[in-house]
Amino acid sequence: MKHSRGINFLFVVIAVFLLTKKAQSQDCLSKEKIDSLLEFSKEHLGTPYRYASMDSKKGFDCSGFTCFVFHHFGYKVPRSSIDYERFGATIVRDSAQAGDIIVFRGTNAKNKRAGHVGIVIGRNEKDLIFIHSSSNKKRGGVIISTFNESSYYAKRFIRICRLTDCH
């Protein structure tokens, strides 16, 4: 019986921790901070794509752009797209909000790991809109895309994540 109470106590502690984390993830970015973050990200539209870079003058890769934008406001996010597989709180795609991060597999469809990220800027009646640095040869660099503009994104979608630690 003593062992059972210890396990129950542990479950309660874990549940409280997870609920606290969930509440923090929803309050982590205020509307004003999200608006500023999105405005700042849009200032970089047209910046060229540059592999392994987070330089606002020379160019960004996808995770470099995402990292650059969030770091500008003091938020810690991964520098590498693969690290977004486990970052933050997972959000159902239909519940995605501005300021969330959208994660995709990269250009190699056979590779199941994260390889591309962007920042959700909103949604219209039927689509999710995000800003990202694309390596597309015809339409690359920092651009705004919609999830359903082609099957490319749907085939590669992994998850949406939200910041849970705003330090």
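## Description of the pairing of strand β4 (residues 101-105)
In terms of burial, β4 is a largely internal element, 5 of the 5 residues being buried. Neither face of β4 is left uncovered, since the one carrying I101, V103 and R105 and the one carrying I102 and F104 both have all their residues buried. Bridge count for β4 against strand β5 (residues 114-123) is 5 bridges, and the pairing is antiparallel. If you follow I102 over to β5, its bridge partner there is G118. Sheet analysis places β4 next to strand β8 (residues 157-162), joined by 4 bridges and oriented antiparallel. Residue I102 lies in a different strand from β8, and its bridge partner there is I160.

## Observations regarding the side chain of D100
Take D100: it is sitting in the loop between β3 (89-91) and β4. Judged by relative accessible area, D100 falls into the buried class, the value being 2%. A distance of 2.7 Å separates a polar atom in the side chain of D100 from a polar atom in the side chain of R162. Setting aside anything within four residues of it in sequence, one finds D100 in contact with I91, S95, G118, I119, V120, I160, C161 and R162.

## Considering the packing of aromatic side chains
Taken as a whole and judged by the stated rule, the model has 13 aromatic pairs. Between the aromatic rings of F60 and F68, the centroid separation amounts to 5.0 Å while the plane-to-plane angle is 50°, which identifies the pairing as tilted. Grouping residues by exposure puts F60 and F68 together as buried. Taken together, the ring pairs in this structure connect F104, F130, F147, Y152, Y153 and F157 into an aromatic cluster.

About the criteria used
Residues numbered from 1 in each chain as written. Predicted model: local features only at pLDDT ≥ 70, side-chain atom pairs only at ≥ 80, totals over all residues. Heavy atoms only, no water. Buried < 20%, exposed > 50% of the residue type's maximum accessible area, 1.4 Å probe, protein only. Helix = DSSP H or I, 4+ residues; strand = E, 2+ residues; numbered from the N terminus. Pairing = 2+ DSSP bridges. Polar contact = N/O pair within 3.5 Å; in protein donor to acceptor, adjacent residues only side chain to side chain. Contact = heavy atoms within 4.5 Å. Phe/Tyr/Trp six-rings, centres within 6.5 Å; stacked < 30°, edge-to-face > 60°.

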